[in-house]
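These are the residues of each chain, in order.
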There are 2 protein chains.
Amino acid sequence: MRFSLTSQTSVDGVTEQSFTLGEIPGVLFTPEGAAGHRPLILMGHGGGQHKQAPGVLAGARLFASKGDFAVAAIDAPCHGDRPKNEQFIRFVGDMRTRMAAGEDPGELVAAMHDLLSEQAVADWRAVLTAVRELDHVGDGPVGYWGVSMGCGLGVPLLAAEPRIRAAVLGLLGVRGLAGSAARVTVPVRFLLQWDDTRVPRQQALELFDALGSAEKTLHANPGDHGEIPAFEIEDALRFFVRHLG
Amino acid sequence: MRFSLTSQTSVDGVTEQSFTLGEIPGVLFTPEGAAGHRPLILMGHGGGQHKQAPGVLAGARLFASKGDFAVAAIDAPCHGDRPKNEQFIRFVGDMRTRMAAGEDPGELVAAMHDLLSEQAVADWRAVLTAVRELDHVGDGPVGYWGVSMGCGLGVPLLAAEPRIRAAVLGLLGVRGLAGSAARVTVPVRFLLQWDDTRVPRQQALELFDALGSAEKTLHANPGDHGEIPAFEIEDALRFFVRHLG
């Protein structure tokens with residue numbers, strides 16, 4: 001697959017370079033004027049979001065500016081600038097019908113992640129290889145950030161990819177992930193929202209429980225799915241510095 | 001009650017002053033050469049422990065040396081250098097018998113905290129007033145640290161004492177504490193050990209849930225009751241700096 005840098009801009013001391021790797025669109029965030037190798041964080045977005053969703057941008061800019069990290073974000077399969085295939089369109093339509101009919105949304109969300117995860121894992125592994133060849137990234141330690149769908153696609157990635165050494169996950173239940181979670185062995189920070197109306201608390205606790213990592217820490221805060229407090233992003237930066245810095 | 005400083009020593013940049021307030025023995029930790037006011041952290045020890053138990057010393061020295069805090073630790077009623085009254089001795093004997101007979105230890109622990117809490121709350125409030133009169137402490141912001149019994153006696157203290165503005169609690173279940181926990185409104189960091197053989201996980205989650213605070217964060221880590229990872233103490237320091245610094 002061909003790697004191309006397509007455009008570049010700088011915001012508050014962080015350079016954001018759009019790229020494509022084959023059909024995968026992405027953005028690479030680095031400290032302005034970065035030269036030489038640095039640790040890399042891969043950031044997976046939530047369902048229905050994309051590589052420049054507000055939550056991704058906030059984290060990526062903080063990690064690059066305050067932690068001197070490189071950060072790569074890509075559109076997940078069938079998300080953002082990527083075409084939605086027929087199977088996905090059919091699945092989303094079907095999902096709406098089944099949710100309206102009162103089916104358990106958790107089950108449908110797990111099935112959606114299952115539909116995307118094989119491609120998502122292959123995408124991330126290819127992007128990881130390509131981005132590490134850049135002079136201002138290099139082959140230093142690698143971390144992963146992904147909550148909600150970013151967790152649903154991140155757990156299989158962590159189970160498959162030994163180059164990733166630490167991860168922030170969360171906002172998701174155990175359904176469909178127990179097997180791959182047990183194969184995760186790197187340090188994990190797991191974010192849980194105590195009043196999450198989309199993810200039953202008990203199922204999120206079970207996903208934390210299922211992770212095979214010897215070092216894993218659950219951080220639970222009041223509030224709904226999208227309401228992770230800002231201090232947890234600062235805390236995640238320190239987590240990455242501790243494990244990758 | 002008369003406040004007396006009884007002895008003084010310095011270890012690694014931290015001055016430790018033994019004191020008594022009436023019959024309450026305590027230790028005040030301050031940065032060596034401290035002059036002027038600074039935030040104060042009160043540290044409550046666990047059951048069967050005392051004001052200089054290893055967990056208290058480790059936290060107090062870190063908070064004083066790295067955070068420039070004053071830290072006060074006292075012996076809880078019937079603990080450390082304080083006399084055990086008849087009721088307490090009878091209770092402990094009775095507790096051993098009932099535990100040997102298979103009674104729920106959580107219920108007995110809650111009853112023990114209940115036995116001590118009125119005195120413990122009065123002790124802390126008096127110590128707080130006395131210590132804040134010292135020139136190198138003063139009337140700045142106040143925090144509280146207490147896990148296990150330190151949490152069981154700390155929750156009623158926080159419910160009663162408006163001068164305390166942030167607290168680290170944990171390693172305890174909800175039994176006997178739901179009412180006072182609901183009256184706690186300050187930011188709380190709650191530490192839970194995922195494999196705690198003394199505190200059932202569900203009951204600890206319920207105590208976190210019962211806290212009335214709008215800002216509260218649960219940090220859960222693998223390991224048994226006494227195995228809080230060292231990085232949580234560093235994290236607690238940042239929590240106190242954020243809220244009291």
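Just so it is clear, the structure is predicted and the values come from calculations on it, not from any experiment. (Residues numbered from 1 in each chain as written. Chains lettered and ligands numbered in written order. Predicted model: local features only at pLDDT ≥ 70, side-chain atom pairs only at ≥ 80, totals over all residues. Heavy atoms only, no water.)

### Observations regarding the pattern of salt bridges
Part 1 of the argument: Inspection of every chain in the model, using the stated rule, returns 31 salt bridges over all chains.
Part 2 of the argument: Here Arg-175 of chain A and Glu-107 of chain A are joined by a salt bridge, their closest N and O atoms 3.5 Å apart. Taken together, the positions of Arg-175 of chain A in the loop between strand E7 (164-170) and helix H5 (178-182) and Glu-107 of chain A in helix H3 (residues 105-131) put the pair 68 residues apart, joining distant regions of the chain.
Part 3 of the argument: Its relative accessible area of 27% is what places Arg-175 of chain A among the partly exposed residues.
Part 4 of the argument: The residue Glu-161 of chain B makes a salt bridge to Arg-163 of chain B at a minimum N-O spacing of 2.8 Å. (Salt bridge = Lys/Arg side-chain N within 4 Å of Asp/Glu carboxyl O. Helix = DSSP H or I, 4+ residues; strand = E, 2+ residues; numbered from the N terminus. Buried < 20%, exposed > 50% of the residue type's maximum accessible area, 1.4 Å probe, protein only.)

### A closer look at the nonpolar core
Part 1 of the argument: With 89 residues, the main nonpolar core has Leu-169 and Phe-190 of chain A together with Leu-169 and Phe-190 of chain B as its most contacted residues.
Part 2 of the argument: With 7 residues, the top contributor of residues to this core is helix H3 (residues 105-131) of chain B. (Core = buried A, V, L, I, M, F, W, Y, C linked by side-chain atoms within 4.5 Å.)

### Comments concerning the relation of the copies chain A and chain B
Comparison of the two chain copies shows a relationship of rotation about an axis with a shift along it.
Part 1 of the argument: Screw-axis analysis of chain A against chain B gives a translation of 0.0 Å along the axis, an RMSD of 0.0 Å, and a rotation angle of 180°. One copy is carried onto the other by what is essentially a two-fold rotation axis. Considering only C-alpha atoms, the residue of chain A closest to the rotation axis is His-219 of chain A, which sits at 2.4 Å.
Part 2 of the argument: Same-surface contact between copies: 100% of interface residues of chain A are shared with the interface of chain B. (Least-squares fit on C-alpha atoms with pLDDT ≥ 70 in both. Contact = heavy atoms within 4.5 Å.)

### Some thoughts on the state of the cysteines
Part 1 of the argument: Here the structure, examined in full by the defined rule, presents 0 disulfides over all chains.
Part 2 of the argument: Summary of cysteine pairing: Cys-78 of chain A is not part of a disulfide, and the nearest cysteine sulfur, belonging to Cys-151 of chain A, is at 20 Å. (Disulfide = S-S within 2.5 Å.)

### Topic: the packing of helix H2 (residues 86-100) of chain A against H3 of chain A
Residues and elements named next belong to chain A.
Part 1 of the argument: Between H2 and H3, the least distance of the axes is 10 Å, while the angle of their chain directions is 175°. By the criterion of interaxial angle, the relationship of H2 to H3 is roughly antiparallel. Here Gln-87, Phe-88, Phe-91, Val-92, Met-95, Arg-98 and Met-99 of H2 lie close against H3, whose contacting residues are Pro-105, Leu-108, Val-109, Ala-111, Met-112, Leu-115 and Leu-116.
Part 2 of the argument: Grouping the constituent residues of the contact of H2 with H3 by class yields 12 nonpolar, 1 polar and 1 charged. (Axes fitted to C-alpha atoms, helices over the stretch in contact; angles between N-to-C directions. Parallel < 35°, antiparallel > 145°, perpendicular 65-115°, else oblique. Nonpolar A, V, L, I, M, F, W, Y, C, P; charged D, E, K, R; others polar.)

### Some words on the pairing of strand E5 (residues 70-74) of chain B
It is a general feature of regular strands that their side chains alternate between the two faces of the sheet.
Residues and elements named next belong to chain B.
Part 1 of the argument: Most of E5 is tucked away: 5 of the 5 residues are buried.
Part 2 of the argument: The two faces of E5 match: Ala-70, Ala-72 and Ile-74 on one face and Val-71 and Ala-73 on the other face are all buried.
Part 3 of the argument: Two strands pair when backbone bridges link them, and strand E4 (residues 40-44) and E5 are joined in this way by 4 bridges, in the parallel orientation. Note that in E5 the partner of Leu-40 across the bridge is Ala-70.
Part 4 of the argument: In terms of handedness, the path from E4 via helix H1 (residues 54-67) over to E5 forms a crossover that is right-handed. (Pairing = 2+ DSSP bridges. Right-handed = clockwise from strand over helix to strand, strands pointing away.)

### Some points on the interface of chain A and chain B
Part 1 of the argument: Contacts between the two partners involve 20 residues from chain A and, on the opposite side, 20 residues from chain B.
Part 2 of the argument: Taken over both partners, the interface formed by chain A and chain B buries close to 1,600 Å², and the fraction arising from carbon and sulfur atoms is 59%.
Part 3 of the argument: Inspection of the chain A/chain B interface yields 2 salt bridges.
Part 4 of the argument: Between Arg-201 of chain B and Asp-209 of chain A there is a salt bridge, and its shortest N-O distance comes to 3.9 Å.
Part 5 of the argument: Applying the counting criterion to the chain A and chain B interface returns 7 residue pairs in polar contact (both at pLDDT 80 or more).
Part 6 of the argument: Breaking the side of chain A that touches chain B down by element, the ones donating at least two residues are helix H6 (201-210), strand E9 (216-221) and helix H7 (230-244) of chain A.
Part 7 of the argument: A total of 6 residues in the side of chain A that touches chain B trace back to one element, the largest contributor, which is E9 of chain A.
Part 8 of the argument: When its residues are assigned to classes, the side of chain A that touches chain B shows 8 nonpolar, 4 polar and 8 charged.
Part 9 of the argument: Bridging between E9 of chain A and strand E9 (residues 216-221) of chain B involves 3 bridges; their strand directions are antiparallel. (Buried area = accessible area lost by both parts, 1.4 Å probe. Polar contact = N/O pair within 3.5 Å; in protein donor to acceptor, adjacent residues only side chain to side chain.)

Bear in mind that shape data such as this cannot, by itself, settle questions of function.
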